[in-house]
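Structural overview for review
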Number of protein chains: 2
Amino acid sequence: MTGSLVIVGTGPGKPELMTPATRAALAQATDLVGYGLYLDRVIPMRDGQCRHASDNRVELERARQALTLAAEGRTVAVVSGGDPGVFAMAAAVFEALESGDPAWRMLDIRVEPGVTAMLAAAAEVGAPLGGDFCAISLSDNLKSWATIERRLKAAAEADFVIALYNPASKARPHQLGDAFALLRTVKEAETLVLLVRAAGTSEAQVIATTLAEADATQADMRTLVIVGASTTRRVGRWIYTPRGARP
Amino acid sequence: MTGSLVIVGTGPGKPELMTPATRAALAQATDLVGYGLYLDRVIPMRDGQCRHASDNRVELERARQALTLAAEGRTVAVVSGGDPGVFAMAAAVFEALESGDPAWRMLDIRVEPGVTAMLAAAAEVGAPLGGDFCAISLSDNLKSWATIERRLKAAAEADFVIALYNPASKARPHQLGDAFALLRTVKEAETLVLLVRAAGTSEAQVIATTLAEADATQADMRTLVIVGASTTRRVGRWIYTPRGARP
């Protein structure tokens, strides 16, 4: 098989947060496969490139389409936002590879890392991920809510900083409120909570509040939520988590 | 105060994994402050730029120096590898800000996100961070080993993928072996373990093994360790964690 497939992430949104390696991979591709919003960030498309846009909720189908194109000899780029390996398209491609045509395993497949949303969100406010942290997707489309609850509880009890991806969508309006309610049973009311919308874009907005007062209805699909550790705190206009214990 | 301070990360190593935003911030700085190894990646330095290199273990002192230079009116860039907010210089700068001259809080301080080591390591092998995951630094210079053990145990019990930063150094040769021993008491022997050295550089090396067979002496300061979740698995030449439960 002569085709190839590269899985890239366009970063949080600003063109200057997309890596040159990703830019080069996009320039070389004959076919770009992805959610329309992310493909729109890839401008200009060069002459002769084919664009295959799809809805945001059909990752596996999109992954199969990309592998099929690569198997036909095309130079395919699968385009995610952020980093493709963090709650994005890379895992979907390998799921499709596992369940698909065994010949696909001979393809040249690689992943280009990118700046994932929690890093851009953290940079907007200071250094809230300065200590040990975890990243949890609140989407229960592919895993049970019980699994998510178990992870939230473990992360709270072990005092990790917690980054919450996919906190809410129109189809899932209740998850973030339920997560806050669970976290309130373990963590202090004064724990800092950040709702960072459109981090790493020119439209970034930050709500810095406490766990007691955090309002889940202020988050949407473009929001990344960070729930601090016990040591996370303010200094001047910034919020950060020290590297060790409180001095 | 007219000075400014930007905290940047040069990414995992390859110049094409440094964001254009970071490159621009470095070009504008009058003063670059950082560990010599990371400053060496910033080439070429422009005429009139001052370089302030230091040892890797004096983060707080380096942060104070950077804030002092900014307070003198300089345009300062503090340079880390990876992402500056993940086990790097950003938290140290805010620690120094908190304990330092109150006037420093009037400075223009910002953080530029970058590609942190675990994302580059994951990309080398596929998508092992495809599910919920956590990041733990094994350095006990600034936190107790008991805290680290508590977090390792919680992460293992809740079936997170676990990324281990700072797994070993000459001064701390035993931590990774101790961490593997603890994880073996909770996780299956067949759990996949990745030791990725110099990820995101031209010298990247991957050891893919199991928790039962993982050899801590194969890791050094440049190694990022990923311990899989129960669902993390091989497909062809790649390793990935599916987005949900095993189908």
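For the structure itself, look to the data block above.
This structure is a prediction, so every number in the text was calculated from the model and none was measured. Here, residues in each chain are numbered from 1, in the same order as that chain's written sequence. In the order they appear in the text, chains get letters beginning with A and ligands get numbers beginning with 1. Per-residue local features of the predicted model are confined to residues with pLDDT of at least 70, and side-chain atom pairs are confined, for both listing and counting, to 80 or more; whole-chain, interface and lining totals are unaffected and use all residues. The basis for every side-chain value is the complete set of non-hydrogen atoms in the structure, without hydrogens or water.

**Things to note about the sheet that holds strand E11 (residues 223-227) of chain A**
Using the following cut-off: Pairing between two strands requires that DSSP report at least two bridges joining them. Secondary structure elements follow DSSP: runs of H or I of four or more residues count as helices, runs of E of two or more count as strands, with numbering from the N terminus. Only C-alpha atoms enter the line fits that serve as axes; for helices the fit covers just the stretch in contact. Angles between N-to-C directions range over 0 to 180 degrees. Every residue pair with non-hydrogen atoms within 4.5 Å of one another is taken to be in contact.
In spatial order, the strands read E10(A)-E9(A)-E11(A)-E8(A)-E7(A)-E7(B)-E8(B)-E11(B)-E9(B)-E10(B); together these ten strands make up an open sheet with mixed pairing. Each of the sheet's edge strands pairs with one partner strand only, and the pair in question is strand E10 (205-210) of chain A together with strand E10 (205-210) of chain B. The sheet shows a mean angle of 15 degrees between the axes of neighbouring strands, taken without regard to direction. Where strand E7 (residues 133-137) of chain A lies against strand E8 (residues 161-165) of chain A, five bridges are found, and the strand directions are parallel. Residue pairing for E8(A): Phe133(A) is matched across the bridge by Val161(A). In the packing of helix H7 (residues 175-184) of chain A onto the sheet, contacts are made with E8, strand E9 (192-197) and E11 of chain A, and the angle to E11(A) comes to roughly 5 degrees.

**Details of the pairing of strand E9 (residues 192-197) of chain B**
All names here are of chain B. Put simply, the rule is: Each residue is placed in one exposure class: buried if its accessible area under a 1.4 Å probe, protein chains only, is under 20% of its type's maximum, exposed if it is over 50%, and partly exposed if it falls in between.
Along E9, five of the six residues are buried, which leaves the element largely enclosed by surrounding structure. Here E9 pairs with E10 via six bridges, running antiparallel. For Leu 195, the partnering residue across the bridge sits in E10 and is Ile 207. Pairing between E9 and strand E11 (residues 223-227): five bridges, direction antiparallel. Within E11, the position partnered with Leu 195 by the bridge is Val 225.

**Things to note about unusual backbone geometry**
Located in the positive-phi region is Asp159(A), a residue other than glycine, with phi close to 60 degrees. Its location among the elements puts Asp159(A) in the loop between helix H6 (145-157) and E8.

**Overview of the state of the cysteines**
Operational definition: Note on disulfides: each one is a pair of cysteine sulfur atoms within 2.5 Å.
All chains considered together, the criterion is met by zero disulfides over all chains. No disulfide involves Cys134(A); its sulfur sits 6.5 Å from the nearest other cysteine sulfur, which is in Cys134(B). A relative accessible area of 0% places Cys134(A) in the buried class.

**Regarding the packing of H6(A) against H7(A)**
All names here are of chain A. Selection criterion: Here the angle decides the label: under 35 degrees means roughly parallel, over 145 means roughly antiparallel, 65 to 115 means roughly perpendicular, and every other value means oblique. Crossing handedness follows the turn of the near helix against the far one: under a right angle anticlockwise gives a left-handed crossing, and clockwise gives a right-handed one. Each residue is assigned to one of three groups, with Ala, Val, Leu, Ile, Met, Phe, Trp, Tyr, Cys and Pro labelled nonpolar, Asp, Glu, Lys and Arg labelled charged, and all others, Gly among them, labelled polar.
Viewed as axis vectors pointing N to C, H6 and H7 meet at an angle of 40 degrees, and their least axial separation amounts to 10 Å. Accordingly, the angle class assigned to the pair H6 and H7 is oblique. You can see that H6 and H7 cross each other, and the crossing is right-handed. Contact residues: Trp 145, Glu 149, Leu 152, Lys 153 and Ala 156 in H6; Gln 175, Asp 178, Ala 179, Leu 182 and Leu 183 in H7. The residue inventory of the contact of H6 with H7, partitioned by class, reads six nonpolar, one polar and three charged.

**Let's talk about the pattern of salt bridges**
Quick note on the threshold: One speaks of a salt bridge when a side-chain nitrogen belonging to Lys or Arg is within 4 Å of a carboxyl oxygen belonging to Asp or Glu.
According to the stated counting rule, one finds 25 salt bridges over all chains in the structure shown. A salt bridge links Arg151(A) to Asp132(B); its shortest N-O distance comes to 2.8 Å. Taken as a pair, Arg151(A) in helix H6 and Asp132(B) in the loop between strand E6 (126-127) and strand E7 (133-137) lie in two separate chains rather than in one. In terms of burial, Arg151(A) and Asp132(B) fall into one category: buried. Measuring nitrogen to oxygen at the nearest pair gives 3.0 Å for the salt bridge that ties Glu157(B) to Lys153(B). Note that Glu157(B) and Lys153(B) are positioned in helix H6 (residues 145-157) at a spacing of four residues, about one turn of the helix. Salt bridges here are not isolated pairs; linked through shared partners, they connect Asp132(A), Asp159(A), Lys187(A), Lys143(B) and Arg151(B).

**Overview of the relation of the copies chain A and chain B**
The test is simple: A least-squares fit on C-alpha atoms brings the copies together, and the residues used are those whose pLDDT is at least 70 in both copies.
Superposition of chain A onto chain B requires a rotation of 180 degrees combined with a translation of 0.0 Å along the rotation axis, giving an RMSD of 0.0 Å. The two molecules are tied by a two-fold rotation axis, judged by turn and shift. No C-alpha of chain A approaches the rotation axis more nearly than that of Cys134(A), which lies at 1.9 Å. Both copies contact each other with a shared surface, as 100% of the interface residues of chain A are interface residues in chain B too.

**Topic: the sheet that holds strand E2 (residues 31-35) of chain B**
Sheet strands pair by backbone hydrogen bonding; their relative direction is either parallel or antiparallel. Residues and elements named next belong to chain B. Pairing is parallel across the open sheet formed by five strands, whose spatial order is E3-E2-E4-E1-E5. Across the chains shown, the open sheet's two edge strands, defined by having one partner strand only, are strand E3 (50-54) and strand E5 (108-111). Neighbour-to-neighbour, the strand axes of this sheet turn through a mean angle of 15 degrees, independent of strand direction. Both strand E1 (residues 4-9) and E5 contribute to a ladder of four bridges, which runs parallel. Paired with Ser 4 across the bridge in E5 is Asp 108.

**A word on the interface of chain A and chain B**
Selection rule: Once two parts are put together, the accessible area they lose, assessed with a 1.4 Å probe and summed over both, is termed the buried area. The term polar contact refers here to a pair of N or O atoms within 3.5 Å; inside protein, the definition further demands a hydrogen-donor-capable atom paired with an acceptor-capable atom, and it admits residues adjacent in sequence only when both atoms are side-chain atoms.
Counting from both sides, the interface comprises 68 residues of chain A and, opposite them, 68 residues of chain B. Taken together, the two surfaces of chain A and chain B that pack against each other cover about 5,500 Å², and 62% of this comes from carbon and sulfur. If you sort the residues of chain A by the area they bury against chain B, Asp132(A), Trp238(A) and Arg243(A) come out on top, with a joint share of 14%. Our enumeration of links across chain A and chain B arrives at eleven salt bridges. A salt bridge links Lys143(B) to Asp132(A); the nearest nitrogen and oxygen atoms lie 2.6 Å apart. At the junction of chain A and chain B, the tally comes to 28 residue pairs in polar contact (both at pLDDT 80 or more). Broken down by element, the residue count for the side of chain A that touches chain B peaks at seven residues, all from helix H4 (residues 89-99) of chain A.

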